[in-house]
Structure formats: C-alpha cells, structure tokens
Amino acid sequence: MRELKESLLQLITETSTNLPPDARHAIARAKEKENAGTRAALALTTITDNIQMAEDKVSPICQDTGMPTFYIHVPVGVNQMELTRAIQEAIVEATQTGKLRPNSVDSLSGENSGDNLGEGVPVIHYEQWEKDEIEIRLILKGGGCENKNIQYSLPCELEGLGRASRDLDGIRKCILHSVYQAQGQGCSAGFIGVGIGGDRTTGYELAKKQLFRKIDDTNPHPDLARLEDYILDKANQLSIGTMGFGGDTTLLGCKIGSMHRIPASFYVSVAYNCWAFRRQGVTLDPTSGKITSWLYKDEPKAETVTVTEPTEAPASLETTSSSQEVHLTPPITEEDIRSLRVGDVVILDGIIHTGRDALHKYLIDHEAPVDLSGGVIYHCGPVMLNHPERGWEVKAAGPTTSIREEPYQADIIKKFGIRAVIGKGGMGARTLEGLKEHGAVYLNAIGGAAQYYADCITGVEGVDFMNFGVPEAMWHLRVKNFAAIVTMDAHGNSLHQDIEMDSLDKLAQFKEPVFS
C-alpha cells in the first residue's frame, strides 16, 4: 500500500507541476506563429517562462488545481477499494505539501474540507481490462476552463452561425461556437474535447475523455479526422488569441469522439481546457504498485523554438506607440487611473488584496476588514503553505476568471473606492460603466501563470476570512514589479468587448454548409 500511495503521489505531483511534452510542443508552435511585440506574443512568453518555473520549483503550474479526475483500468481481481484509499491518502498529502490547492467545497454549507476530499471528490472512474497492469490517467482541469464547457441540443440557433441541424455540419457549427463563446475567459489558447451523442451526462464524459488523447494523433474515423483539422484551422481564424488579447492562435488542439444516442436527443458536448493542459498517466505493477511507465512524460521535451522577428506586426494587435508603462503604488489616485488607457502596462509595487466569490458576496452587505480606498483587488485564490517558523508562503498565485464577480464588482468599486481590479478574461458592461463612473481600471494578468506572479509577491501581510477556506480568504500581499495590462479603462473602453465583436464578425463567415 505504501509503494502504491507513493506512486500516486508522484503522478499527482507531475500532473500539477510539469506540463506534458505534447502540450509544450503545441504552445511552442503557437509562440512561433505570433508576431513579436504583440500582446499575444508577450502572453505566450510569460506562459512558457511560467511552465519552466513550475518544473524547476516543483510547484503548481496554475494555482487552480481543479477537481482531480482519475480514469483507471485495472486487471480482474484488483481491489478497487484499496486503490481508492491510496488515491485519497495521496490527495491529502499533495494538498498538505502545496501540490494541490484545497478545492473541495460543500455545496450546501460552503465549507472547504481543507484536504480535497469530500462527497464525490476526487472523481474516480474504474474500468476492468484483460491486461496484467494498472493504468491510471489523471486530469487537473481548473474551474475557469470548466465553466466554459458547453452542451448543445440539436437542432438549435447559434449566434453568428444560424441554424445548426442534426448532421455533421450542425456539429461543425456547434464546435466553432464553443470556441467563440469561451473568448479569453478559459485561459486561451485552449484545447477542446468534443463528445457527439449520448445523453447529457455521458456526452460530457465522452468529451472529457477526448482530452486524454495525444495532441498530434489522428482520429481513426475519417469524417471526425477531417472535422478536427477543420476546427483547428478555422477556430484560429477567429483571432480571439491568447488570453483573449487577439492573435493568430486561439485553439491548440481539437479531439472529437462520438457515441450512439436515442432518437429524441442529439447532444454536442464540449469540454474546454486551458493552455495549462495538466493531464498525465502511468502504468503500475499490480502487485507492487510501482510505476512501470509514463503515458505522456516518457517523450522528448518540446524542441527549442526560435521566434523570427516579423517585418511588421498587425496594427490592430501591436503595442502601439501611444501605450505606456506606468508604475503605481497603492493607494492610487483617481487622477493616476484616468490617465491610463487600454493597452497600457501597469507595474504595481505595494499592498494588494485578494478577493473571490465569497469575499465579493460578503462585501456587498458588510464593511471590509482593511481600508480599500485607492486599493487594488486581485481576483486570485492562491496556493498557500503555513510554516511554523516563517509563516505563510505563497506557492502559486495566478488570476482567476473575473466574470463571476460581475454581479458585485461595480457596487464594490463604488462602496470602497477601489481603483484597480486584477483578474483574467475581462468583465461585463456593468463593471465597465462602474470603472468609468468611479475612476477605476481592470488589469488583465496572464491566466495560469501562477509561478510568474508568485515570484512577484515579496510577503504576506495578513489574512482575513480564513473561514471561507484558503482560496476564498482575503489575503493581503506585498508585491513588487507585478505587471498587468489595462484591458478596461476609466473612459469606457474595453479590449474584451472589441475582441468579442470582431470574433463574432469572423464567426459569421463560417455560416454556410461545409460538410454534406
């Protein structure tokens, strides 16, 4: 049992901290495509730096380590209860050592279990086979990209694409629309798994299983192979780009599977995964529990990619001469904020405060424990370790998806005099109006770059609301050289709104039938 648990702990650690070679290859190719100096190219540089930092530090690539989901094949006679206990023990230890963030929350009470265990967590799927080995695959899929999963019931009407019928062309439209609707909120450039058919439950399960395929494999079904190639090509013509900043790469991989259905139902289910494509697998000796092979890791790492400087970058994407780099120290004045425009880079030094769903809900009806006037709220649920002698250590601290706070953000900006909100993926019209009215900006950090931003945190000044759990607590962090891009300013401008409108226009060009 001890050897088995250690093997599982190694699998969890590798999955959280070391991106598989095929995902690294895909990101390297994307970086090669982008014009140097653009927001997309700069974001991809940050991403590649973060991947290496996570590997070197053996720390989470992204602070949101998701809901651990295991797919396991076992020989007949293997004790699945014993294997489940070993998985649970490994999950607890990985959480205690900062390889996983405590993410298991009771849906009724809101209480965080603190150890990533709970009803239905972790997710474990078993299947028997006739091989004399155990195969375990693990995926860590964060909440930001999980929230961009989508399921279509055919026939339906799709924005920009019109009617999607119960045929291959209707499926094509649904998949393209799934990429459009994700925008930058799922930490694009991303990967998608698609399940055609089944019911609402099995369709999503089939979609998630597609994410375990190798990125460069070829679908054995010729129609699906053709569709995968088509989607990968056309989705990148939407120009949503990395982080939704615009650019040449919006999708890094597309894998499609199909299954039978009942006549009354025709579902197309899409599992969206961010660039931090954390899935690994091992085979184990069923007697000793030792690892005998790695399913993704035992490959050469991504080749070094030389990025050629372009002669000219597209005017709509380049960092224009009017953009500026501004250093700010909270508390920030309204005058400083109103001098900023979309595209400016802000470098923060000083104290910022994390705040996610639980805190935003609380602050609507209560006062803050600290003075937030002129302050900065960071949409972030960090991975933290508390050392008896030196106190709190930040293990990972990238941004979470901001759109969840849309119902609260404008009111909180007004109530507390907040000058800047940091997150990823942008926010909506109500927040944009609040920024304009009260003199604040939205700063887009690079989603998933948890080591890059943790490196900017020089100290933990305190914490409030630990009863919310570590990810939802209000952490007071001292930062230095914390860089983010203004994507929504105090003048009513929003890069996210512009990209969404432009990509909708591009989506409409794929309205006409392609597959008969």
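Predicted model only: the values in this text are computed from it and were never measured.

Analysis parameters
Residues numbered from 1 in each chain as written. Predicted model: local features only at pLDDT ≥ 70, side-chain atom pairs only at ≥ 80, totals over all residues. Heavy atoms only, no water. Helix = DSSP H or I, 4+ residues; strand = E, 2+ residues; numbered from the N terminus. Core = buried A, V, L, I, M, F, W, Y, C linked by side-chain atoms within 4.5 Å. Buried < 20%, exposed > 50% of the residue type's maximum accessible area, 1.4 Å probe, protein only. Contact = heavy atoms within 4.5 Å. Expected span 1.5 Å × (residues − 1). Pairing = 2+ DSSP bridges. Axes fitted to C-alpha atoms, helices over the stretch in contact; angles between N-to-C directions. Phe/Tyr/Trp six-rings, centres within 6.5 Å; stacked < 30°, edge-to-face > 60°. Lys NZ or Arg CZ within 6 Å of the ring centre and 35° of its normal. Parallel < 35°, antiparallel > 145°, perpendicular 65-115°, else oblique. Nonpolar A, V, L, I, M, F, W, Y, C, P; charged D, E, K, R; others polar.

*Asks:* I'm lost on unusual backbone geometry in this one. Help?
*Replies:* With the exception of glycine, the majority of residues adopt a negative phi angle, and the majority of peptide bonds are in the trans configuration. For the bond from Val 121 to Pro 122, the omega torsion is -5°, close enough to zero to count as cis. In this model, Ser 188 is joined to Ala 189 through a cis peptide bond whose omega is 5°. With respect to the helices, strands and loops of the structure, Ala 189 is situated in the loop between helix H6 (168–182) and strand S7 (190–196). A positive phi is found at Met 243, a non-glycine position, where the angle reads about 65°. Within the secondary structure, Met 243 is located in the loop between helix H8 (222–235) and strand S8 (251–258). Positioned with a positive phi, Asn 481 is a non-glycine residue whose angle comes to about 55°. Take Asn 481: it is sitting in strand S20 (residues 474–488).

*Asks:* Explain the nonpolar core to me, please; I cannot follow it from the model alone.
*Replies:* For soluble globular proteins, the rule of thumb is that nonpolar side chains tend to be buried together. Residues Ile 192, Trp 275 and Leu 348 are the most contacted members of the largest nonpolar core, which totals 102 residues. Apart from the residues lying within four places of it in its own chain, the contact partners of Leu 348 are Leu 328, Ile 332, Val 376, Ile 422, Leu 443, Val 479, Lys 480, Asn 481 and Phe 482. Listed in part, the 22 residues of the second largest apolar core include Leu 11, Leu 83, Ile 91 and Leu 100.

*Asks:* Just to check I follow, could you spell out helix H2 (residues 21–33) for this structure?
*Replies:* Owing to its 3.6 residues per turn, the α-helix brings residues three or four apart onto one side. The end-to-end C-alpha separation of H2 is 19 Å, in line with the 18 Å expected for 13 residues at 1.5 Å each. Along H2, the residues classified as buried are Pro 21, Asp 22, Ala 23, Arg 24, His 25, Ala 26, Ile 27, Ala 28 and Ala 30.

*Asks:* Sorry, what's going on with the side chain of Thr 249 here?
*Replies:* Relative to the assigned elements, Thr 249 resides in the loop between H8 and S8. Relative accessible area serves as the criterion here: at 2%, Thr 249 is assigned to the buried category.

*Asks:* Please explain the sheet that holds strand S11 (residues 291–294) as it appears in this structure.
*Replies:* Sheet strands pair by backbone hydrogen bonding; their relative direction is either parallel or antiparallel. The sheet built from 5 strands is open, its strands ordered S2-S1-S3-S10-S11 with mixed pairing. Each edge of the open sheet is held by one strand with a lone partner, namely strand S2 (123–129) and S11. Averaged over neighbouring strand pairs, the angle between their axes works out to 20° when direction is ignored. Here 3 bridges tie strand S10 (residues 278–284) to S11, and the two strands are oriented antiparallel to one another. Within the sheet, the bridge partner assigned to Val 282 lies in S11 and is Trp 294.

*Asks:* What exactly am I supposed to notice about the packing of aromatic side chains here?
*Replies:* Given two aromatic rings, their pairing is described by the distance between the two centres and the angle made by the two planes. In this structure the tally under the stated criterion is 10 aromatic pairs. On the numbers, 5.5 Å between centres and 75° between planes, the contact of Tyr 230 with Phe 515 is edge-to-face. You can see Tyr 230 sitting in helix H8 and its partner Phe 515 sitting in the segment after helix H14 (495–507), a full 285 residues away along the chain. For Tyr 230, a relative accessible area of 12% gives the class buried. Considering the side-chain rings of Phe 465 and Phe 468, the 5.1 Å spacing of their centres and the 10° angle between planes classify their relative orientation as stacked. Of the two residues, Phe 465 and Phe 468, both sit in the buried class. Of note, Arg 279 hangs over the ring of Phe 277, and the distance from its end group to the ring centre comes to 4.2 Å. One Lys or Arg, Lys 297, reaches over the ring of Trp 294 and ends 4.4 Å from the middle of that ring.

*Asks:* Looking at this structure, I do not really get the packing of helix H11 (residues 406–416) against helix H12 (residues 429–438). What am I missing?
*Replies:* Axis angle and axis distance: for two packed helices, these are the angle between their axes and the distance between the axes, and together they describe the pair. Two numbers describe how H11 lies on H12: the axes approach to 8 Å, and their chain directions differ by 10°. Between H11 and H12, the interaxial angle falls into the category roughly parallel. In contact with Glu 406, Pro 407, Gln 409, Ala 410, Asp 411, Ile 413 and Lys 414 of H11, H12 contributes Ala 429, Arg 430, Thr 431, Gly 434, Leu 435 and His 438. Split by residue class, the contact of H11 with H12 holds 5 nonpolar, 4 polar and 4 charged.

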